[in-house]
Amino acid sequence: MTLVAVMIAIPAVLAIASVLVPSRIAGPLTALGGLLTAACIIAADAGAAAGAKTPDALSAVFLLPVAVIYGTVGLYTQWYVDAQSAATGEGERYRREFLALTNAFACSEIVVPLLTNMGGLWVALETTTILSALLIRLQGTAAALEAAWKYILIASCGLALGLVAVVLLYVSAISVLGDRHVPEWSAYLAAAAHLNADGVRLAFVFALIGFGTKMGLAPMHAWLPDAHGAGPTPTSAMLSGALLSDALYAILRFAAIANLALGPGMTQILFFVVGLISLFLAAFFLLQQRDIKRMLAYSSIEHMGIVASGLAFGAPLAVMGALLHAINHAASKSLAFLAAGRLSERYGTRQIAGIRGGIATLPISGTLFALAGLSLAGLPPFGIFRSEIMILAGGFQSGAWILAVVVTLLLAVAFAGVLRWVNATSAGVARTGVHPGETFGVAVYAMLLAFAVVLALGLIVPPQLTNLLERAMAIVGQAS
Amino acid sequence: MTPHHLTIHEAIAGTVAALLLLVQLALFRSVVLSELITLYAVQSLFVAGICLDVGIAGGAWDLIALAILTFAFKVVILPIYMRGLVRGVSTRVEIPSRINVLLSLLIAAALTGIGWLTAAQLPLKAGAFLPTADLATMLSIVFVGFLVAILRPNAFAQVIAFLTLENGVFFGAVTLAPGLPFVVGILVLFDVLVAVVVFAVLVRILVALRSSAATTQLQELIG
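Residues numbered from 1 in each chain as written. Chains lettered and ligands numbered in written order. Predicted model: local features only at pLDDT ≥ 70, side-chain atom pairs only at ≥ 80, totals over all residues. Heavy atoms only, no water.

Description of the overall build of chain B
A tally of helices and strands in chain B yields seven helices and zero strands. Going residue by residue from the N terminus, the α and β elements of chain B occur as α-α-α-α-α-α-α. Counting every position in chain B, which comprises 223 residues, the buried fraction comes to 53%. Residue pairs in contact within chain B that sit at least 24 positions apart in sequence constitute 76% of those at least 6 positions apart. Roughly 9300 Å² of accessible area belongs to chain B as shown, and the carbon and sulfur atoms make up 73% of that amount. (Helix = DSSP H or I, 4+ residues; strand = E, 2+ residues; numbered from the N terminus. Buried < 20%, exposed > 50% of the residue type's maximum accessible area, 1.4 Å probe, protein only. Contact = heavy atoms within 4.5 Å. Areas by Shrake-Rupley, 256 points an atom, 1.4 Å probe, with all protein chains shown as cover.)

Shown next as structure tokens:
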């Protein structure tokens, strides 16, 4: 069996097993499965870096966020279901449902970047919507229901536009590939010069709006702060870290075809528009957040805006930075969500005003939350600092000075917003009435593992990863 | 220029495309939920019909099978399920629009015009089954579907808007891209089914929590 088959089979089997076996067995199995899947993905990526064709470099890059998140969330989920059961009185049925859906969601998140059939890609993304909406609903609160409602409605309508994009691309290729061709990405790429240019143009616009909705790009982002904020913590981490990257992957497959068929100008302009709107909106909303998880959700919109800006600049350094940023963001954001989940559980609230002295109360989780916040704000020595510098340097290199300056200014506003809330929640003395102290357990190990990845990505980019990013950049950049 | 004589299949496809659009516009006229469900069932019947037509014309068994499944799911099972859901809420659910019928129809007509103008810009003739009309119909149904969702602030109406919008995309996929894998068609149907089930769970709980399915009451998460 190939590594690709194994990395899909593990979460799929665990999803079924979680329904059938008691949660006290399925929980540890999920933790083990998450780590094994992450190992499979890293091994497959090493193969891709060495020149293996399956998965290709772009798929390999977008498998990495899932590897980081499933590996850590699998561990964390064990603590989470216990804590949630204790707090809400939910029983075995809830635990099994949560574990089954988490594994199934992880499986769908792995399948997305492996697909190059444009129809299949759409189906896989739609499946992630359904599974994650069910997970958000499991939270059971009125806010979670409202969030699940908005999420499924907006994301499904967005994905319907994504299917329009698939159809338009298909129609654009009929004169070259025939009216019953298989919508395989490589076939479109090979025929790019002969595709109907207007059709490809329209297809990319629909893809950017449709899949951009799922990626959380403004102005199609309305569902994101609600779903990430109100959903269960492990789900928020999976949504923010891996799912946004999956949607970006779908957009990049379309962008590669459009770049080759039309030249990079159109995709760059559109990436600029959505990137700048996302950055602007997120930067200012970050300043006025009251809920710790919604603050992290707006930070996700900000970082997706940064990625879009990197793709818009088009310079090789910026595009490479954008791809690396997707991985860095996934690692830092999942750590931030996991730590925020610990804090809100201990304080009994998600309101920032109610969480004071996080480090004093939960020495490990509080410290890791602060460090994740510093990483998300873009401070060294973490990976996000590196990728943001690459994007900005690429921007100045490409000659888009004014836009690079605007992006820098918006980053500064977002920086202030994130630091303000990290400082407010982490510093100071423990609040009275909240029991201080923390012991080692699976949740702490999960967060330490995530932190190790965040730190490692900041200190060194392994040559295999650089090689992979360069190959992926060649696929995405094509003519840029 | 040699005049193009329509085959019987093309004539059927063209007529059904027009009917699909008419049903979509009729969504604005009705304020009673049961009527909206009936309109959805009728539209789905047309979609199943066109899928069958394209399947027979091209000798494609996968499309014929898809037509049968579409009929079973969208014309029979989902409408019956949704009617049951409505009965559980109230005997007569009225869904007001934010603006009156005439103005709604005028905006919808403008959106339909945009759909047709957009499609006319794309010289996509080769091989496809009535490409210009189908593309225009697909885009128009999608645009008008969004308008319905915007103008009707009610969970049920928004489900219907989503489902009809999806009908438009499904219609486009079948007629314009018959080579999309069969599994895509099946999974589209599956997605619709699961989406409706999720909607149903949410609507039931929303109704229980707030005594209404009006989405204007969803105001907890703002900012």
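Quick word on the overall build of chain A
Of the regular secondary structure elements, chain A holds 20 helices and zero strands. Whereas a compact globule of 480 residues would reach a radius of gyration of roughly 23 Å, chain A reaches 21 Å, a difference of no more than 12%. In terms of its C-alpha atoms, chain A occupies a principal-axis envelope of roughly 70 × 50 × 40 Å. A fraction of 81% describes how many contacts in chain A between residues 6 or more apart in sequence connect residues 24 or more apart. Just so you have it, chain A exposes about 14400 Å², and 69% of that area is on carbon and sulfur atoms. Of the charged side chains in chain A, 23 are positive and 20 negative; the average position of the first set lies 6 Å away from that of the second. (Rg over C-alpha atoms; globule rule 2.2 N^0.38 Å. Lys, Arg positive; Asp, Glu negative; His and termini not counted. Charge placed at Lys NZ, Arg CZ, Asp CG, Glu CD.)

Things to note about the packing of helix α3 (residues 57–88) of chain A against helix α19 (residues 442–459) of chain A
All names here are of chain A. At a closest axis distance of 7 Å, the pairing of α3 and α19 adopts a crossing angle of 160°. As summarised for this structure, α3 and α19 are arranged roughly antiparallel, according to the angle between their axes. For the element pair α3 and α19, the recorded crossing hand is left-handed. For the pair formed by α3 and α19, the contact residues are Val68, Gly71, Thr72, Leu75, Tyr76, Gln78 and Trp79 on the first element and Val442, Ala443, Tyr445, Ala446, Leu449, Ala450 and Val453 on the second. A class-by-class count of the residues in the contact of α3 with α19 yields eleven nonpolar, three polar and no charged. (Axes fitted to C-alpha atoms, helices over the stretch in contact; angles between N-to-C directions. Parallel < 35°, antiparallel > 145°, perpendicular 65-115°, else oblique. Left-handed = near helix turned anticlockwise from the far one by under 90°. Nonpolar A, V, L, I, M, F, W, Y, C, P; charged D, E, K, R; others polar.)

Things to note about the packing of aromatic side chains
Residue and element names in this part refer to chain A. As enumerated under the stated definition, the model contains 13 aromatic pairs over all chains in all. Ring geometry for Phe382 versus Phe451: centroids 6.3 Å apart, planes at 65°, classification edge-to-face. Separated by 69 residues along the polypeptide, Phe382 in the loop between α16 (363–377) and α17 (383–397) and Phe451 in helix α19 bring together distant segments of the chain. Overall, Phe451 belongs to the buried group, its relative accessible area being 16%. Here the aromatic cluster, defined as three or more aromatic residues joined through ring pairs, consists of Tyr76, Trp79, Tyr80, Tyr94 and Phe98. Over the face of the ring belonging to Trp185 we find Arg253, whose NZ or CZ atom lies 4.3 Å from the ring centre. The positively charged end of Arg342 is found above the aromatic ring belonging to Trp79, 4.7 Å away from the centroid. (Phe/Tyr/Trp six-rings, centres within 6.5 Å; stacked < 30°, edge-to-face > 60°. Lys NZ or Arg CZ within 6 Å of the ring centre and 35° of its normal.)

Details of the pattern of salt bridges
Residues and elements named next belong to chain A. All chains considered together, the criterion is met by eight salt bridges over all chains. One salt bridge connects Asp56 with Arg253, and the closest N-O pair in it is separated by 2.9 Å. Residue Asp56 is located in the loop between α2 (23–49) and α3, and its partner Arg253 is located in helix α11 (residues 233–262); the two are separated by 197 residues in the primary sequence. The pair Asp56 / Arg253 is uniform in exposure class, with both members buried. (Salt bridge = Lys/Arg side-chain N within 4 Å of Asp/Glu carboxyl O.)

Thoughts on the side chain of Ser44 of chain B
Residue and element names in this part refer to chain B. If you trace the backbone, Ser44 turns up in helix α2 (residues 33–58). The buried category is assigned to Ser44, whose relative accessible area is 0%. Once residues lying within four places of it in the same chain are set aside, the contact partners of Ser44 are Thr70, Lys74, Val75 and Asn167.

Brief notes about helix α9 (residues 197–215) of chain A
Compared with the 27 Å implied by 1.5 Å per residue over 19 residues, the 25 Å span of α9 of chain A between its first and last C-alpha is a close match. Just downstream of α9 of chain A lies Gly216 of chain A, where phi reads positive at about 85°. (Expected span 1.5 Å × (residues − 1).)

Considering the packing of α3 of chain A against helix α4 (residues 92–114) of chain A
All names here are of chain A. Interaxial distance between α3 and α4 falls to 9 Å at its minimum, and their mutual angle equals 175°. As summarised for this structure, α3 and α4 are arranged roughly antiparallel, according to the angle between their axes. Listed contacts from α4 to Ser59, Phe62, Leu63, Val66, Tyr70, Val73, Thr77, Tyr80, Val81, Asp82, Gln84 and Ser85 of α3 are Tyr94, Arg95, Phe98, Leu99, Thr102, Asn103, Ala106, Glu109, Ile110, Pro113 and Leu114. Tallied by class, residues from the contact of α3 with α4 come to 14 nonpolar, six polar and three charged.

Let's talk about a nonpolar patch on the surface
Residues and elements named next belong to chain B. Where nonpolar side chains cluster on the molecular surface, the patch consists of Leu45, Phe71, Val76, Ile77 and Ile80 and spans about 420 Å² of accessible area. With four residues, the single largest contributor to the nonpolar patch is helix α3 (residues 61–89). With respect to the helices and strands, Val76 occurs in helix α3. (Patch = residues over 30% accessible without salt bridge, like charges linked within 9 Å, V, L, I, M, F, W, Y side chains within 5 Å.)

Describing unusual backbone geometry
Residues and elements named next belong to chain A. Looking along the chain, the bond that leaves Ala218 and enters Pro219 is cis, with omega of 5°. Considering the arrangement of structural elements, one finds Pro219 in the loop between α9 and α10 (223–230). The residue after Pro380, namely Pro381, is reached through a cis peptide bond having omega 10°. As for its position among the elements, Pro381 is in the loop between α16 and α17.

Observations concerning the environment of Tyr80 of chain A
All names here are of chain A. Mapped onto the elements of the fold, Tyr80 is located in helix α3. Given the relative accessible area of 4%, Tyr80 is considered buried. Not counting residues within four places of it along the chain, the set of residues in contact with Tyr80 comprises Tyr94, Phe98, Gln139, Pro232, Thr233 and Pro234.

Let's talk about the environment of Ile41 of chain A
Within the secondary structure layout, Ile41 of chain A lies in helix α2. The residues touching Ile41 of chain A, leaving out its near neighbours within four places in the chain, are Met7, Leu63, Leu64, Ala67 and Ile110 of chain A.

Examining the environment of Ile110 of chain A
Residue and element names in this part refer to chain A. Structurally, Ile110 can be placed in helix α4. For the pair formed by Ile110 and Leu63, sequence separation is 47 residues and the distance between their alpha carbons is 6.5 Å. For Ile110, the contacting residues outside a window of four places in its chain are Met7, Ile8, Pro11, Thr37, Ile41, Leu63 and Val66.

As for the state of the cysteines
Within the structure shown, the criterion is met by zero disulfides over all chains. With no disulfide partner, Cys40 of chain A has as its closest neighbouring cysteine sulfur the one in Cys107 of chain A, 13 Å distant. (Disulfide = S-S within 2.5 Å.)

Notes on the confidence of the model for chain B
All names here are of chain B. When pLDDT is averaged across chain B, the result is 76; 70% of the residues are at 70 or more. The least confident element of chain B is helix α7 (residues 182–210), whose mean pLDDT is 66; the most confident is α2, at 88. Both confidence scores are given for the complex: pTM 0.88, ipTM 0.80. (pLDDT = per-residue confidence, 0-100.)

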